[in-house]
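Results of the structural survey
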Number of protein chains: 2
Amino acid sequence: MRLTAKGRYAVTAMLDLAVHQGEGPISLADISERQGISLSYLEQLFAKLRRNELVKSVRGPGGGYQLSREAGTIYVAEIVDSVDERVDATRCAGRANCHHGRECLTHELWTDLSEQIHQFLNNIDLASIIAKREARERADRQRLQQDDIIRLPAKEVEA
Amino acid sequence: MRLTAKGRYAVTAMLDLAVHQGEGPISLADISERQGISLSYLEQLFAKLRRNELVKSVRGPGGGYQLSREAGTIYVAEIVDSVDERVDATRCAGRANCHHGRECLTHELWTDLSEQIHQFLNNIDLASIIAKREARERADRQRLQQDDIIRLPAKEVEA
DNA sequence: TCAATGTCCTACTAAAAAGGTAGGTTATTA
DNA sequence: TAATAACCTACCTTTTTAGTAGGACATTGA
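Scope of this entry: the structure provided in the associated data block. Remember, predicted model here, so these are calculated numbers, not experimental data.

1. What about the overall build of chain A?
Along chain A, the regular secondary structure elements total seven helices and two strands. Listed N to C, the secondary structure of chain A is α-α-α-β-β-α-α-α-α in terms of helices and strands. Taking contacts inside chain A between residues at least 6 apart in sequence as the whole, the part at least 24 apart equals 65%.

See below:
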């Protein structure tokens, strides 16, 4: 599991699509402007996202991209994997200095951990990221209203 | 949160230390041989790990490195952060095209997610990675013994 | 029909990061 | 005092990142 700027761009762009879902196809030019990612770079990323069937495209004027599935069924791990194409492995399998069997121990520990991270990201879908944020904003607004009504000193509200 | 080979090397090396904890200082040469990471590269990584007080060193013959704390109190996120020194930000804060406020939405969604990942890795300590593996191995061994005794067909055991 | 708008595709490139070399100095031990 | 191993700095090669350039193809609407 790698997690670089490339993956971040892809997730950000997919979130952008999710947020504007239902407004018809979204052009990469729009995303480029909104998210500050170069158009050509987005094109390369979306070529991969399309090959992995995470988005579908509409060509021609008024065209653009849409999520190919519901935002609630697209998981972060899929997105990251699509654009990052794990060269990975790096296993000591073919290594000369890894002959005693027990030596591989921590290598395997790492792959175990890596698998945990992957599963974690495989449980976070686009819709829930958006929902989580909206819930937080609602809570923030409510807290502010309470402040207005009860006029608690700021310090107590913090806690 | 970045997650590259660099971070993997660091975590792997730290796991190696954790596994050999109690055997006195472990030299980087040992880790280099066991894990297949170049000595000089390890030196660079451990300079950072030491600055972040995750390991302590003993110089001279018989010297090496040891975890500065119990393996159960060292978390993966700390290790990754130590060596990866997030250039990060990449926030649109100073961006020209990010003026309408609402435009930043997905940027913020990403940082939210990033924070989630960070918290996840901040809850996994070295000892628990090792423990989890040992538990699994015990389970595997027991299953094998059961096979021996009951002689179930392999297919049923799988399920 | 044709110009505009978009995806789609390939090749190239500048800059940064990853990963590794080289060549030391310093502290410690036997 | 020789060997060991941390510690430090500068450099270098390769890979990856992020972006450019230039176009072909599909679709729309004027």
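Text resumes after the structure shown.
2. Some details on the protein's contact with DNA strand C
Taken together, the neighbourhood of DNA strand C is formed by 24 residues, with Ser57 and Tyr65 of chain A together with Ala5, Ser40 and Pro61 of chain B sitting nearest. Among atoms of DNA strand C positioned within 4 Å of the protein, sugar and phosphate together represent 58%. At 3.3 Å from a phosphate oxygen of DNA strand C is found a side-chain nitrogen or oxygen belonging to Tyr41 of chain B. Contributions of two or more residues to the surface near DNA strand C are made by helix H3 (39–51), strand S1 (55–58) and strand S2 (64–67) of chain A together with helix H1 (5–19) and helix H3 (39–51) of chain B. Looking at the surface near DNA strand C residue by residue, the class counts come to eight nonpolar, ten polar and six charged.

3. Structural notes on the packing of aromatic side chains
As enumerated under the stated definition, the model contains five aromatic pairs over all chains in all. Centroid distance Phe46 of chain B to Tyr65 of chain B: 4.7 Å. Interplanar angle 50°. Geometry classified as tilted. Taken together, the residues span a long stretch of sequence, with Phe46 of chain B in helix H3 and Tyr65 of chain B in strand S2 (residues 64–67) at a distance of 19 residues. Grouping residues by exposure puts Phe46 of chain B and Tyr65 of chain B together as buried. Sitting over the ring of Tyr9 of chain A, Arg8 of chain A keeps its end group 5.5 Å from the ring centre.

4. Remarks on the relation of the copies chain B and chain A
At an RMSD of 0.1 Å, chain B and chain A line up after a rotation of 180° and a shift of 0.0 Å along the axis. In symmetry terms, the pair is related by a two-fold rotation axis. Among all C-alpha atoms of chain B, that of Leu3 of chain B lies closest to the rotation axis, at 2.4 Å. Looking at chain B, 95% of its interface residues are interface residues in chain A too, so the copies touch through the same face.

5. Structural notes on the protein's contact with DNA strand D
Contacts to DNA strand D come from 26 residues, most closely from Ser40, Arg59 and Pro61 of chain A together with Ser57 and Tyr65 of chain B. When atoms of DNA strand D within 4 Å of the protein are split into backbone and base, the sugar-phosphate part holds 61%. A distance of 2.4 Å is found between a phosphate oxygen of DNA strand D and a side-chain nitrogen or oxygen belonging to Ser57 of chain B. Within the backbone of Gly60 of chain B, a nitrogen or oxygen atom sits 3.4 Å from a sugar or linking oxygen of DNA strand D. Counting only elements with at least two residues in the surface near DNA strand D, the list comes to helix H1 (5–19) and H3 of chain A together with H3, strand S1 (55–58) and S2 of chain B. Within the surface near DNA strand D, the residues separate by chemical class into eight nonpolar, twelve polar and six charged.

6. Some remarks on the interface of chain B and chain A
Listed as interface residues are 42 residues of chain B and, on the opposing side, 40 residues of chain A. Summed over the shared surface of chain B and chain A, the number is zero salt bridges. Elements with a minimum of two residues in the side of chain B that touches chain A: H1, helix H2 (28–35), helix H5 (105–121) and helix H6 (126–150) of chain B. The class makeup of the residues in the side of chain B that touches chain A is 18 nonpolar, ten polar and 14 charged.

7. Observations regarding the pattern of salt bridges
Enumeration according to the criterion identifies eight salt bridges over all chains in this entry. Measuring nitrogen to oxygen at the nearest pair gives 3.2 Å for the salt bridge that ties Arg143 of chain A to Asp140 of chain A. On the criterion of helical spacing, the pair formed by Arg143 of chain A and Asp140 of chain A is a turn pair, its members being three residues apart in helix H6 (residues 126–150). Arg143 of chain A gets classed as partly exposed once you look at its relative accessible area, which sits at 48%. Of the charged contacts in the structure, one is a salt bridge between Arg69 of chain B and Glu78 of chain B, with a shortest N-O distance of 2.8 Å.

Parameters at a glance
- Residues numbered from 1 in each chain as written.
- Chains lettered and ligands numbered in written order.
- Predicted model: local features only at pLDDT ≥ 70, side-chain atom pairs only at ≥ 80, totals over all residues.
- Heavy atoms only, no water.
- Helix = DSSP H or I, 4+ residues; strand = E, 2+ residues; numbered from the N terminus.
- Contact = heavy atoms within 4.5 Å.
- Near = heavy atom within 4 Å.
- Polar contact = N/O pair within 3.5 Å; in protein donor to acceptor, adjacent residues only side chain to side chain.
- Nonpolar A, V, L, I, M, F, W, Y, C, P; charged D, E, K, R; others polar.
- Phe/Tyr/Trp six-rings, centres within 6.5 Å; stacked < 30°, edge-to-face > 60°.
- Buried < 20%, exposed > 50% of the residue type's maximum accessible area, 1.4 Å probe, protein only.
- Lys NZ or Arg CZ within 6 Å of the ring centre and 35° of its normal.
- Least-squares fit on C-alpha atoms with pLDDT ≥ 70 in both.
- Salt bridge = Lys/Arg side-chain N within 4 Å of Asp/Glu carboxyl O.

These values are about where atoms sit, not about what they do.
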